[in-house]
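# Residue-level structure breakdown
Single-letter residue listing:
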Amino acid sequence: MNQCPQSPPGDVPAAEAWLAQARARLRYALQPIVNIHTGCVYGYEALLRGIDRLGFDTVPALLEHAWRLGCAAALDRELRTLAIASFAALPEASRYRLFFNLDPQLIELEDPGHTLCLLEQHGLPPEAVCFELSERADLTASPRVAEVIAAYRRHRFHLAIDDFGSGYAGLRLLYEHPPELLKIDRFFVSGIADDHKKRLFVASTVQLAHVMGIAVIAEGVETERELLACREVGCDLVQGYLVARPQTDHRALRTRYGEIARVNASDRRRTDDDRSLIAACIEPIRPLPVDAEVGAMIETFRHDRVHHVLPVIDHAGRPLGLIHEADIKDVLYSNYGRELLLNRAFGRSLHDFLRPCPTVDIHDSAERLLGAYCADINPAGLILTRDARYHGFISATALLQLIEQKNLAAAREQNPLTRLPGNNPVYAYVSGALGERHRTWHLVYLDFDNFKAFNDHYGFRRGDRAILMFAELLRKLLGPEHWFIGHIGGDDFFAGIADVESGAVVRRIELLLAKFRSDVQSLYDPEDRARGAIHAHHRDGTPRRAGLMRCSAALLTIRPGDDHGSVEQLGQTIAELKHRAKASPSGLFVGPHGSRHLRGRHAKHPRRRRIGLLPNPYLPALN
């Protein structure tokens, strides 16, 4: 520690007097961090209050003043003592985690010993503290920072990167010092429900974090729509005014915030299709507490002839990893090996045999489970948690069976030709759009023109080639931008996207139509392509001239406040838009939002076939 930078020397009496004032006036508020699905508390962040009574507007200004006085390290010790004492006063505090921000200027002076002593005084284990490293400061330049972080890890403290996305060294910090948790900065959470770019950024960050086995906290969530958007992109935990404001009266804090569960339950988009599949794969292996004797581990393996791993949990029921039977066989079956393991003089504990294991929440999707498994190196399986507590184990074999069942279920919902989502998923998507009237939705119905004449003239195999060509264009032009694309059947397709600027949607659909109109000509014989038409017949057998194939698109935008009634009523609106699209030179018709008048006009055409798909009668039938 002697080589670490020290705060500059100052007036010692003045510094001591100022510290006494700080000790008397500063206090900590605690703000809950909860499970994004259930609202159960994961931990509490300590947020400093009372700085205005010392004449400061911000915490950084307070810390900078202490640095100039030469008492920054002393102030940090006082603050840490106060924060831990506030947290320890909570009922069953050891079941949760205290999030404490490290001062970037002092991180090279850090020594776990002081914090360990404070925790021991309050009967708290090191796992109860999570230190937050701010991305706003460059913590990657000094090798001393790496030493400090390694020291905290050895003592089983947890680490989180705070304000991710707001600084300049976030990715490097994530790479060099991967934490247990990642906090998405409030800037990206604010307005995420309406900002497609923010949603894309957060979704990409969550995906990267999950691949690395890192849980993600969305901080600063203030509205229900922000909560649902953060849940959709995969965030694990949430913090913000929607849950609770920071509380200086710690008696007002709760261990569960039912508002979060209520918002999730009222979300019409929410599906729990994977829950039953996952539940069927769980193996209820009884875990051992980390402070159990080594003999208990040996006896557990001796009695359980089925499982070859043993989950280990901390005092709060949180999983720490797995013990593999193979790792202790060499010792058990060697001369005197069992006696050496059981001999307390050698000081062996369950910690010495632990291997990390990917951990996922019971609310996660099957895709998330598979991603967590693939991101690890030869894992035995996955540990499943409920509200951060051990819930069960999923073996590698059970996970493969789960994915197989998931794929079979998805295949049943796909169009067999294009492998795009079929009728039922399209119906569910449109139903969800109607249920979320606070968002802007763009729904596109796509239908080929002159397809029947082409199919009759060239045969169904070439017709299938045209359909596959269009499906591939959908994937290429819309898939990367997170559109929902579906194949209703035949030459009828559907696409949808939410919270994107209308002009960008129109331009993308125009590009899709133009690209297909050009590419599909390659499927015609040269003479028909040169003629610009084929000789076909009407349904009554009379000859007719059919132009080259193209695709028509009816685009309907639903904005907040629009009312299109039921899914079936919306289908009538789309049927009229489709009629206009086919009459349009470009093949695209953009319907006005709030298209109630279109439904009224549609009643004047009783002979037009409006709806012809079962079991979801909301989309127009083939002409």
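As the structure is a prediction and not an experimental result, all values here were calculated from the model. All residue numbers refer to position in the chain's written sequence, counted from 1. Restriction of local features to residues with pLDDT of at least 70 applies here, the model being predicted, together with a cutoff of 80 or more for giving and counting side-chain atom pairs; totals for whole chains, interfaces and linings are based on all residues. To obtain the side-chain values, all non-hydrogen atoms of the structure were included, while hydrogens and water were left out.

## Notes on the sheet that holds strand β21 (residues 550-558)
We call two strands paired when DSSP finds no fewer than two bridges between them. Strands are runs of DSSP state E lasting at least two residues, helices are runs of H or I lasting at least four, and both sets are numbered from the N terminus onward. Strand order in this open sheet of 5 strands is β17-β18-β16-β21-β22, and the pairing throughout is mixed. Of all strands in the sheet, those with a lone pairing partner are β17 (484-489) and β22 (588-591), marking the two edges. Geometrically, the sheet is characterised by an average inter-axis angle of 15 degrees between neighbouring strands, direction not taken into account. Pairing of β17 with strand β18 (residues 492-498) involves 5 bridges; the strand directions are antiparallel. In the strand pairing of β18, G489 is matched with D492. In this analysis, two residues are considered to be in contact whenever any of their non-hydrogen atoms come within 4.5 Å of each other. Axes here mean lines fitted to C-alpha atoms, for a helix over just the part in contact, with angles spanning 0 to 180 degrees between N-to-C directions. The strands that helix α19 (residues 460-477) touches are β16 (441-449), β17, β18 and β21; relative to β16, the one it contacts most, it runs at about 155 degrees.

## Let's talk about the packing of aromatic side chains
Ring pairs (aromatic) are described by centroid distance and by the angle formed between their planes. Planes of paired rings set the category: under 30 degrees apart is stacked, over 60 is edge-to-face and the rest tilted, where pairs are Phe, Tyr or Trp rings (Trp by its six-membered ring) whose centres lie within 6.5 Å. Overall, the coordinates contain 23 aromatic pairs when judged by the stated rule. Seen in terms of ring centroids, F131 and Y152 are 4.6 Å apart; in terms of plane orientation they differ by 50 degrees. Their pairing is tilted. With F131 in strand β4 (residues 129-134) and Y152 in helix α5 (residues 143-154), this pair connects stretches of sequence that are 21 residues apart. In this structure, F131 and Y152 share a single accessibility class: buried. Taken together, the ring pairs connect Y28, F100, F131, Y152 and F157 into an aromatic cluster. Geometrically, a charge over a ring is one whose NZ (Lys) or CZ (Arg) sits within 6 Å of the ring centre while staying within 35 degrees of the ring normal. A cation sits over an aromatic face here: K198 above F187, 4.4 Å from the ring centre. The cationic tip of R245 hangs over the ring face of Y241; the distance from NZ or CZ to the ring centre is 3.9 Å. Buried, partly exposed and exposed residues are distinguished by accessible area as a fraction of the type maximum, computed with a 1.4 Å probe on protein chains only: under 20%, between the cut-offs, and over 50%, respectively.

## Side note on the packing of α19 against helix α20 (residues 502-519)
Taken N-terminus to C-terminus, the directions of α19 and α20 make an angle of 145 degrees; their axes are 10 Å apart at the nearest point. The handedness of the crossing between α19 and α20 comes out as right-handed. Two secondary-structure elements touch here, α19 through A466, M469, F470, L473, L474 and L477 and α20 through R508, L511, L512, K515, F516 and D519. Helix crossings are classified by the rotation of the near helix relative to the far one: an anticlockwise turn of less than a right angle makes the crossing left-handed, while a clockwise turn makes it right-handed.

## Notes on helix α1 (residues 12-25)
In this scheme, a helix's expected span is set at 1.5 Å multiplied by one less than its residue total. Given a rise of 1.5 Å per residue, 14 residues ought to cover 20 Å, and the 20 Å separating the end C-alpha atoms of α1 matches this to within 8%. A15, W18, L19 and A22 are the residues of α1 that are buried. Taken end-on, α1 shows its buried residues confined to a sector of 105 degrees, consistent with a single buried face. Among the exposed residues of α1, those pointing more than 90 degrees away from its buried face are P13, E16 and A24. On its buried face, α1 sits against α2 (59-69) and α3 (72-88). Working note: the arc is built from the helix axis to C-beta atom directions.

## What about the environment of L548?
Relative to the assigned elements, L548 resides in the loop between β20 (543-547) and β21. When the C-alpha positions of L548 and Y524 are compared, they lie 8.4 Å apart, and in sequence the two are 24 residues distant. Here L548 is in contact with N450, Q521, Y524, D528, R529, G532 and A533, once residues within four sequence places are set aside.

## What about the pairing of strand β14 (residues 381-386)?
Within β14, 5 of the 6 residues are buried, which leaves it mostly tucked inside the rest of the structure. Crossovers are described as right-handed under a simple rule: with the strands pointing away from the observer, the path leading from the first strand over the helix to the second runs clockwise. Running through helix α15 (residues 366-375), the crossover from strand β13 (residues 359-361) to the neighbouring parallel element β14 is right-handed. Counting the residues in the hairpin turn of β14 and strand β15 (residues 389-395) gives 2 residues, including D387, whose phi is positive at 55 degrees.

## Considering the pattern of salt bridges
Salt bridge, as applied in this entry: a Lys or Arg side-chain nitrogen positioned within 4 Å of an Asp or Glu carboxyl oxygen. With the rule as written, the count across this model stands at 37 salt bridges. The partner of D528 in a salt bridge is R531, with the nearest N and O atoms 2.6 Å apart. Of this pair, D528 and R531 are both found in helix α21 (residues 526-531), 3 residues apart, which corresponds to roughly one turn of the helix. In this structure R531 comes out as partly exposed when scored by relative accessible area, which is 35%. Members of the salt-bridge network, linked through shared partners, are D447, D449, R550, K578 and K582.

## Comments concerning α3
Relative to the 24 Å expected for 17 residues at 1.5 Å per residue, α3 spans 24 Å between its end C-alpha atoms, a close match to the ideal helical length. Listed as buried for α3 are A72, L75, D76, L79, R80, A83, I84, S86 and F87. Within α3, the buried residues cover an arc of 160 degrees as seen down the axis, which keeps them to one side.

## Re the nonpolar core
If you look at soluble globular proteins, the nonpolar side chains tend to sit buried side by side. Residues W18, L26, L62, L75, F87 and C235 are the most contacted members of the largest nonpolar core, which totals 82 residues. Looking at which element gives the most residues to this core, the answer is α3, with 6 residues. Residues grouped as a nonpolar core are buried Ala, Val, Leu, Ile, Met, Phe, Trp, Tyr and Cys residues, joined through side-chain atoms within 4.5 Å.

## Some remarks on the sheet that holds strand β11 (residues 319-324)
Backbone-to-backbone hydrogen bonds join strands into a sheet, with any given pair of strands oriented parallel or antiparallel. The 4 strands are arranged β9-β10-β11-β12 in an open sheet whose pairing can be described as mixed. One side of each edge strand has no neighbouring strand; the edge strands of this open sheet are β9 (288-289) and β12 (354-355). Bridge count between strand β10 (residues 309-313) and β11: 5 bridges; the pairing is antiparallel. When the bridges of β11 are listed, L310 appears paired with I323. Packing against the sheet, helix α12 (residues 294-303) makes contact with β9, β10 and β11, and its axis sits at approximately 140 degrees to β10.

## Observations concerning the packing of α1 against α3
The geometry of α1 relative to α3 is characterised by a closest axis approach of 11 Å and an angle of 20 degrees between their N-to-C directions. With respect to their mutual orientation, α1 and α3 come out roughly parallel. Considering only the axes of α1 and α3, their crossing is right-handed. Here W18, L19, A22 and R23 of α1 come into contact with α3, specifically with A74, L75 and E78. Here the contact of α1 with α3 is composed, by residue class, of 5 nonpolar, no polar and 2 charged. Just so you know how the angles are binned, under 35 degrees is roughly parallel, over 145 roughly antiparallel, 65 to 115 roughly perpendicular, and the rest oblique. Residues are grouped as follows: Ala, Val, Leu, Ile, Met, Phe, Trp, Tyr, Cys and Pro are nonpolar; Asp, Glu, Lys and Arg are charged; all remaining types, including Gly, are polar.

## Notes on the side chain of D387
Of note, D387 is situated in the loop between β14 and β15. A polar atom in the side chain of D387 sits 2.6 Å from the side chain of T38. Beyond its immediate sequence surroundings of up to four residues, D387 is in contact with N35, T38, C40 and D361. Each polar contact in these results corresponds to two N or O atoms within 3.5 Å; when the atoms are within protein, one needs to be able to donate a hydrogen and the other to accept it, and residues that are neighboring in sequence are counted only if both atoms are side-chain atoms.

## Some thoughts on a nonpolar patch on the surface
Residues L171, L208, V211 and M212 make up a contiguous nonpolar surface patch of about 350 Å² in total accessible area. One can find L208 in helix α8 (residues 196-211). Since its relative accessible area comes to 37%, L208 is described here as partly exposed. Here, patches come from residues exposed beyond 30% relative accessible area and free of salt bridges, joined within 9 Å for like charges and within 5 Å for nonpolar side chains (Val, Leu, Ile, Met, Phe, Trp, Tyr). Only the protein chains shown count as cover for residues, with accessible areas throughout obtained via the Shrake-Rupley method and a probe of 1.4 Å.

## Section: unusual backbone geometry
One non-glycine residue, N378, adopts positive backbone phi at about 50 degrees. Structurally, N378 is set in the loop between α15 and β14. Residue N378 is classed as exposed on the basis of its relative accessible area of 69%. A positive phi angle, close to 65 degrees, is found at R419, a residue other than glycine. Inspection of the secondary structure assignment puts R419 in the loop between α16 (396-412) and α17 (423-435).

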